[in-house]
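Listed below, chain by chain, are the residues.
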Amino acid sequence: QVHLVESGGGLVQTGGSLRLSCAASGRTFSSYSMGWFRQAPGKEREFVAAISRNSMSTGYADSVKGRFSISRDNAKNTVYLQMNSLKPEDTAVYSCGADTESYYAGSYYYNYDYWGQGTQVTVSS
């Protein structure tokens, strides 16, 4: 069983920055592929970013490329999402997911076995 806890969300103005964190339980975090997804009210969950077990592979949704950056610290069992140049359309609940089987789970949410509760990000215009 993997327990994921997100933090770092909040209210920010357009153009601002936030850094989200996702802390994972377990002693084998380095074997998990991790990803961030978001869901805005009335919309479907969408992929944001993903990172492989050893950070060698990363991927981003087109809507966040160049603005968001995913990273991980396996010693701290934590994955991060640095979000810069935030826009009102980035407003959503952001959740992290863990895939305990593959090297890189990518953008398919059904690849992920475990999910956190999410953290709210609100970008005001």
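Here goes a summary of the coordinates provided. This structure is a prediction, so every number in the text was calculated from the model and none was measured.

Now for the overall build of the protein chain. Summing up its helical and strand segments, the protein chain has zero helices and 11 strands in all. Taking 2.2 N^0.38 as the reference for a compact globule, 125 residues should give roughly 14 Å; the C-alpha atoms of the protein chain span a radius of gyration of 13 Å, in line with that estimate. Along the first, second and third principal axes, the C-alpha atoms of the protein chain reach 40 × 25 × 25 Å. Put simply, the protein chain has 125 residues, and 43% of those count as buried. Restricting to contacts in the protein chain with at least 6 residues of sequence separation, those with at least 24 account for 59%. Of the roughly 6,500 Å² that the protein chain leaves accessible, carbon and sulfur atoms contribute 46%. Across the protein chain, the mean location of the 11 positive side-chain charges is 6 Å away from that of the 10 negative side-chain charges.

Here we come to the pairing of strand β9 (residues 92-99). Taken across its eight residues, β9 has seven buried, putting it largely inside the fold. Here β9 runs beside strand β11 (residues 119-124); their pairing, made up of three bridges, is antiparallel. Paired with V93 across the bridge in β11 is Q120. Where β9 meets strand β10 (residues 114-115), two bridges bridge the pair, whose relative direction is antiparallel. Note on β10: the bridge partner recorded for G97 is W115.

The subject of this paragraph is the environment of Y80. Among the structural elements, Y80 can be located in strand β8 (residues 78-83). Classification of Y80 as buried rests on a relative accessible area of 12%. Sequence-wise, Y80 and Y94 are 14 residues apart; in three dimensions their C-alpha atoms are separated by 12 Å. Residue contacts for Y80: discarding those within four places in its chain leaves R19, L20, S21, W36, S69, I70, S71, R72 and D73.

Of all hydrophobic cores here, the largest spans 34 residues; its most connected members are M34, W36, L81, M83 and Y94. Listed by contribution, the elements that provide at least two residues to this core are β3 (18-24), β4 (33-39), β5 (46-51), β7 (68-73), β8, β9 and β11. The biggest single contributor to this core is β5, with five residues. With sequence-adjacent residues up to four places away left out, Y94 is seen in contact with E6, L20, W36, F37, R38, V48, F68, L81, M83, G118, T119 and V121.

Moving on, we come to a nonpolar patch on the surface. Together, Y108, Y109 and Y110 line one region of the surface with nonpolar side chains, adding up to about 390 Å² of accessible area. The residue Y108 is located in the loop between β9 and β10 in this model. Residue Y108 is classed as partly exposed on the basis of its relative accessible area, which comes to 48%.

Scoring rules and cut-offs
Residues numbered from 1 in each chain as written. Predicted model: local features only at pLDDT ≥ 70, side-chain atom pairs only at ≥ 80, totals over all residues. Heavy atoms only, no water. Helix = DSSP H or I, 4+ residues; strand = E, 2+ residues; numbered from the N terminus. Rg over C-alpha atoms; globule rule 2.2 N^0.38 Å. Buried < 20%, exposed > 50% of the residue type's maximum accessible area, 1.4 Å probe, protein only. Contact = heavy atoms within 4.5 Å. Areas by Shrake-Rupley, 256 points an atom, 1.4 Å probe, with all protein chains shown as cover. Lys, Arg positive; Asp, Glu negative; His and termini not counted. Charge placed at Lys NZ, Arg CZ, Asp CG, Glu CD. Pairing = 2+ DSSP bridges. Core = buried A, V, L, I, M, F, W, Y, C linked by side-chain atoms within 4.5 Å. Patch = residues over 30% accessible without salt bridge, like charges linked within 9 Å, V, L, I, M, F, W, Y side chains within 5 Å. Salt bridge = Lys/Arg side-chain N within 4 Å of Asp/Glu carboxyl O.

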